[in-house]
Amino acid sequence: MSDRQKDLFLKSKKYIPGGVHSPVRSFKGLTSTPRFFKKAEGAYIYDVEDKKYLDFCMSFGPLILGHRNPKVEKALHEALERGWSYGACEPYSLKLAEFLVEKIPYVEQLRFVNSGTEAVMTALRIARGVTGRNKVIKFNGCYHGHVDSMLIKAGSGLAGEAEASSAGVPQGVAADTLILELGDIEGVKKCFQDHPNQIAAIIIEPLPANNGLMIQPIEFLKFLRSMCDQTCALLIFDEVISGFRVAFGGMAEITGIRPDISTWGKIIGGGLPVGAVAASKFIMEHLAPIGKVYQAGTLSANPLAMAGGLATLTEMTDENYKKINEQTLKITKVLSDWMHTYNNGEFSMFKITSFSSLFWIVPKDNVTKISEIPENLTVNFNKLFEIFLEKGIYLAPNAYEVGFVSLAHDDQVIEDLKRRLG
Ligand SMILES: *Cc1c(COP(=O)(O)O)cnc(C)c1O
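Note that the structure is predicted; figures quoted are calculated from it, not measured. (Residues numbered from 1 in each chain as written. Predicted model: local features only at pLDDT ≥ 70, side-chain atom pairs only at ≥ 80, totals over all residues. Heavy atoms only, no water.)

Caption draft 1: Broad picture of the pairing of strand 1 (residues 37-41). Relative to strand 2 (residues 44-47), strand 1 runs antiparallel, the two sharing 4 bridges. Paired with A40 across the bridge in strand 2 is I45. (Pairing = 2+ DSSP bridges. Helix = DSSP H or I, 4+ residues; strand = E, 2+ residues; numbered from the N terminus.)

Caption draft 2: Layout of the sheet that holds strand 2. Reading across from one edge, 1-2-3-15 is the order of the 4 strands in this open sheet, with mixed pairing throughout. The sheet terminates laterally at strand 1 and strand 15 (393-394), the two strands that pair on one side only.

Caption draft 3: View of the site of the ligand. Around the ligand, the neighbouring residues are S115, G116, T117, Y143, H144, G145, E205, N210, D238, V240, I241 and K266. In this structure, a nitrogen atom belonging to the ligand sits 3.3 Å away from a main-chain N or O atom of Y143. A total of 380 Å² of accessible area belongs to the ligand in isolation, and the protein chains cover 84% of it. (Near = heavy atom within 4 Å. Polar contact = N/O pair within 3.5 Å; in protein donor to acceptor, adjacent residues only side chain to side chain. Areas by Shrake-Rupley, 256 points an atom, 1.4 Å probe, with all protein chains shown as cover.)

Caption draft 4: Structural view of the packing of aromatic side chains. Under the definition given, this model contains 17 aromatic pairs. On the basis of an interplanar angle of 85° and a centroid distance of 5.3 Å, the ring pair of F27 and F385 is categorised as edge-to-face. Placement of F27 in the loop between helix 1 (3-15) and strand 1 and of F385 in helix 12 (residues 377-390) is noted, with a sequence separation of 358 residues between them. Looking at F27, the relative accessible area reads 4%, which means it is buried. Its relative accessible area of 0% is what places F385 among the buried residues. Ring centres of F56 and F359 lie 5.7 Å apart, and the angle between their planes is 80°; on these two criteria the pair is classed as edge-to-face. Taken as a pair, F56 in the loop between strand 3 (52-55) and helix 2 (70-82) and F359 in strand 14 (residues 358-362) lie far apart in primary sequence, 303 residues in all. There is no split in this pair, since F56 and F359 are both buried. Within the aromatic cluster, the residues linked to one another by ring pairs are F27, F37, Y53, F381, F385 and Y394. One cation-aromatic arrangement involves K39 over Y46; the distance from NZ or CZ to the ring centre is 4.7 Å. (Phe/Tyr/Trp six-rings, centres within 6.5 Å; stacked < 30°, edge-to-face > 60°. Buried < 20%, exposed > 50% of the residue type's maximum accessible area, 1.4 Å probe, protein only. Lys NZ or Arg CZ within 6 Å of the ring centre and 35° of its normal.)

Caption draft 5: How the structure looks around the environment of I373. Structurally, I373 can be placed in the loop between strand 14 and helix 12. In this structure I373 comes out as buried when scored by relative accessible area, which is 10%. Along the primary structure I373 and V362 are separated by 11 residues, whereas in three dimensions their C-alpha atoms are 8.1 Å apart. When near neighbours in sequence (up to four residues on either side) are disregarded, I373 contacts N211, M214, W360, V367 and Y400. (Contact = heavy atoms within 4.5 Å.)

Caption draft 6: Geometry of the domain arrangement of the chain. Domain parsing of the chain yields domain 1 (3-68 + 317-421) and domain 2 (70-313). Using only C-alpha atoms to locate each centre, domain 1 and domain 2 end up separated by 26 Å. Contact residues are listed per partner, giving 27 residues for domain 1 and 30 residues for domain 2. Carbon and sulfur atoms supply 63% of the area that domain 1 and domain 2 bury against each other, a total of about 2,400 Å² over both sides. Summed over the three residues of domain 1 that lose the most area to domain 2, namely Y321, F355 and I370, the buried surface amounts to 25% of that side. Linking domain 1 with domain 2 are 1 salt bridge, by the criterion used here. Residue R68 pairs with E73 through a salt bridge whose shortest N-O separation is 2.9 Å. For the pair domain 1 and domain 2, the interface holds 9 residue pairs in polar contact (both at pLDDT 80 or more). Within the residue set of the side of domain 1 that touches domain 2, elements represented by two or more residues are helix 11 (318-341), strand 13 (351-355) and strand 14. (Domains from an automatic or database assignment. Buried area = accessible area lost by both parts, 1.4 Å probe. Salt bridge = Lys/Arg side-chain N within 4 Å of Asp/Glu carboxyl O.)

Caption draft 7: Looking closely at the nonpolar core. Core analysis: the largest hydrophobic core is formed by 115 residues, its most contacted members being F112, I137, F139, V188, F244 and W264. Counting residues domain by domain, this core receives three or more from each of domain 1 (3-68 + 317-421) and domain 2 (70-313). Non-local contacts of F244, meaning those with residues more than four positions away in its chain, are made with I64, L100, I104, G250, W264, I267, I268, L313 and Y321. Ranked by size, the runner-up nonpolar core spans 19 residues in total, among them A123, V136, I203 and I283. (Core = buried A, V, L, I, M, F, W, Y, C linked by side-chain atoms within 4.5 Å.)

Structure below.
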């Protein structure tokens, strides 16, 4: 890398805190500085010095068809030529809402927002509005966006007790979130006993994929469903990352477990800013203008973003899910074979956990909760990351982020991956 990108990053740090608009882009702890990208196509992304990288970050998930998919690009052009915001009803958002509700059997209504964070914020408010209760159970290692009440870590006191993991979150807000370890069945039971008729909802990533990939035993998800049924709390599946990725209907479809509220983001906008909260008509009609739970958005259901989402999701047929899963298995095999032979096995500690088109490079199998994640993960990952970057293979710049495969990662791309690994 020449000094050009370093200069851009220096300049960025002058005008933007830490030089980035989202912390995970900052290359924190790495020796190199963030790449500045100028264009992308298919499975590839190009930096401002024309270096071409095979991309496994894919904008952190939304681009399941790859960069600049021609069908999405055409739909965006058509939408653009009509106008890009009315602050009023328009047909694209109706079309996307109808398409989703008709295809996904466990939802009856949805509302579009602008991000996954907003979707979660709305879901929590609805859950509190529906139940008239304040407390929410969240699991350590699940990410639900930067909502105040979700920026929480375990406190030092009683099980379930939480404190803010970010400055600026009032203790009063943190106090209404109960935090538990994934898989802690007894802890969940105890929380309900200790706080009778106070818990509005349990929120979980049914496939936790924001702190590594921690695949949950289905029994645990089933237990949460039955616990909610017994206590009239609502079960929120935050499927911002898993929705439309592991299957069209996300983990709810794969497990057959029906959440009361679903949150979506990432793929739902095909790379444009969209989130959604979805549930039964009964639950959703608690929202204004019908109900008393307030929620709004100047740019919500922006027609350009709706067109991008619709064009992306229409492509996600069963056949394409099968294809993307097959490609992921081939890719993870190439990567793990390389890690076991490179430089006399320098990276042979690493294995790859994958689920559908998500993968995580980690020195351990079957990680299901935070305490099982090896401590030296970051050191070894950072070395691996720099070598890959040099070879023109772009991973998300953090050991705790997963890799994403898109439909543009075809066999030709896999051949290129082998060539790049050398
Ligand atoms: C990405 C993500 C979010 C936050 O979405 P943003 O669009 O970044 O606000 C929330 N929950 C989960 C599970 C996510 O993966």
